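Letter by letter, the chains look like this.
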Amino acid sequence: MDDQQAVARAEELVQQALAVMSPKPTPKQDGRYGAGTCLADSGSTDRHQVHISYDFKEVPGSAGRQLVRQVRDAWVALGYKFQDGTSDGDWSDPGATVHMRTASDDYWMTMGNSVTNETTGEGVAYIIVTSPCYVPKTADGSPSPSAQGLSSVTADEASEQRVLAHSSRIYDALRVPHSATAGAQLRTVEDGGATYVHHAWATEPLAADRAARAFERTREYLTGADWRVRTAPGRLVALHPADEVTAQLVSAPDGALQIGVTGPAVPVLRTEA
């Protein structure tokens, strides 16, 4: 599929959720939206992955948990499955969250309610949809220019340093060794007319308990540093509002943690030799 098809499918899943919500909230894009490099590949391949997320505004009182349950019921009725290793939400928790996936094309969805006032139960409902990784195609079926590495621009140094600084702080929070064999990739990505810097790397394979502790340390660091954090089993997505930088952390099958940090950049035309 191409990037537009992947985004359209992700939006279809959001619209299915919106259709059953009552009271009707106002969706607002939250964080990086659209297609980017495949995080699971640590920037080492030309595959793409779509990530979209919305906050739902104008939800009165503690209705966020009600919205989560409505969407859960609709997704179950459509035949979607709970994500591997997850079960139904904890409905005694005002911040209830459900994690599901489509059986046919393996899109992952999270619907949750982030409580902002423990006394009243008020919060912000949100939805996150992530596509599987894919090789993007153009209309004639050939690899897209971005997949062939034909981007004609690089990023300005300030943008690169900003992304690398955030990536370094995340490395410090993890407190586990990086993988020397996987290496690190710093790439310039063009997406929808915009330019981004993407830094991807991975830790060495970790035992499950050690990976869980590193994951939690990173979540605590990001939350304490005023990032907007969303978590799902084996996955964390966070937005730094001031710098508009997005960070993702994913657990790999071998126990490694794969990290991707992406931020907007000023394009600099590449000069040919």
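Residues numbered from 1 in each chain as written. Predicted model: local features only at pLDDT ≥ 70, side-chain atom pairs only at ≥ 80, totals over all residues. Heavy atoms only, no water.

### Points about the overall build of the protein chain
Moving on, step 1. The helix and strand inventory of the protein chain stands at four helices and 15 strands.
Moving on, step 2. Carbon and sulfur atoms make up 50% of the accessible area of the protein chain, which amounts to about 12800 Å² in all. (Helix = DSSP H or I, 4+ residues; strand = E, 2+ residues; numbered from the N terminus. Areas by Shrake-Rupley, 256 points an atom, 1.4 Å probe, with all protein chains shown as cover.)

### Some points on the pairing of strand β3 (residues 48-57)
Moving on, step 1. Here β3 lies mainly inside the structure; nine of its 10 residues are buried.
Moving on, step 2. Bridge analysis of strand β1 (residues 26-29) against β3 gives four bridges, and the strand direction is antiparallel. Within β3, the position partnered with Pro27 by the bridge is Phe56.
Moving on, step 3. Pairing geometry for strand β2 (residues 34-37) and β3, over four bridges, is antiparallel. Opposite Thr37, over in β3, you have His48 as the bridge partner.
Moving on, step 4. By the bridge criterion, six bridges tie β3 to strand β7 (residues 123-130) in an arrangement that is antiparallel. Looking at the pairing, Tyr54 lines up with Ile127 of β7. (Buried < 20%, exposed > 50% of the residue type's maximum accessible area, 1.4 Å probe, protein only. Pairing = 2+ DSSP bridges.)

### Digging into the packing of helix α1 (residues 3-20) against helix α2 (residues 64-77)
The angle between the axes and the distance between the axes are what describe a pair of packed helices.
Moving on, step 1. Relative to each other, α1 and α2 sit at 120°, their axes nearing to 9 Å. Put simply, α1 runs oblique to α2. Here α1 runs over α2; the crossing is right-handed. When α1 is examined against α2, the residues Leu13, Ala17 and Val20 are found in contact with a partner set consisting of Gln70, Val71, Ala74 and Trp75.
Moving on, step 2. Along the lines of polarity and charge, the residues of the contact of α1 with α2 split into six nonpolar, one polar and no charged. (Axes fitted to C-alpha atoms, helices over the stretch in contact; angles between N-to-C directions. Parallel < 35°, antiparallel > 145°, perpendicular 65-115°, else oblique. Left-handed = near helix turned anticlockwise from the far one by under 90°. Contact = heavy atoms within 4.5 Å. Nonpolar A, V, L, I, M, F, W, Y, C, P; charged D, E, K, R; others polar.)

### Remarks on the nonpolar core
Moving on, step 1. The biggest cluster of nonpolar side chains holds 31 residues, and the ones touching the most others in it are Met21, Val50, Phe56, Trp75, Met111, Ile127 and Val129.
Moving on, step 2. Put simply, the parts of the chain that give this core at least two residues each are α1, β3, α2, β5 (97-101), β6 (108-115) and β7.
Moving on, step 3. Top element by residues in this core is α1. It accounts for seven residues.
Moving on, step 4. With sequence-adjacent residues up to four places away left out, Val50 is seen in contact with Asp3, Ala6, Val7, Ala10, Gly34, Ala35, Val129, Thr130, Ser131 and Tyr134.
Moving on, step 5. Grouped together as the second largest cluster of nonpolar side chains are 23 residues, Val176, Leu206, Leu222 and Trp227 included. (Core = buried A, V, L, I, M, F, W, Y, C linked by side-chain atoms within 4.5 Å.)

### Some thoughts on unusual backbone geometry
Moving on, step 1. Cis geometry marks the peptide bond from Ser22 to Pro23, where omega comes out at 5°.
Moving on, step 2. Structurally, Pro23 is set in the loop between α1 and β1.
Moving on, step 3. Of note, Asp226 is a non-glycine position whose phi angle comes to about 70°, a positive value.
Moving on, step 4. As for its placement among the helices and strands, Asp226 is situated in the loop between α4 (208-224) and β11 (228-232).
Moving on, step 5. The exposure class assigned to Asp226 is exposed, which follows from its relative accessible area of 60%.

### A short note on the pairing of β11
Moving on, step 1. For β11 and strand β12 (residues 235-240), the ladder comprises five bridges, and the chain directions are antiparallel. Looking at the pairing, Ala232 lines up with Arg235 of β12.
Moving on, step 2. From the end of β11 to the start of β12, which pair antiparallel, there are two residues, and Gly234 there has a positive phi angle of about 75°.

### Things to note about the confidence of the model for the protein chain
Where the model shows low pLDDT, its predicted coordinates should not be examined in detail.
Moving on, step 1. Taken over all residues, the pLDDT of the protein chain has a mean of 81, while the share at 70 or more is 82%.
Moving on, step 2. Confidence, read as mean pLDDT per element, is least for strand β15 (residues 267-269) in the protein chain (72) and greatest for α1 (94). (pLDDT = per-residue confidence, 0-100.)

### Quick word on the pattern of salt bridges
Moving on, step 1. Counted by the stated rule, this structure contains eight salt bridges.
Moving on, step 2. Asp73 is paired through a salt bridge with Arg72; the nearest N and O atoms lie 2.6 Å apart.
Moving on, step 3. Where Arg210 meets Glu204, a salt bridge forms, and the shortest distance between an N and an O atom there is 3.6 Å.
Moving on, step 4. Residue Arg210 is classed as partly exposed on the basis of its relative accessible area, which comes to 32%. (Salt bridge = Lys/Arg side-chain N within 4 Å of Asp/Glu carboxyl O.)

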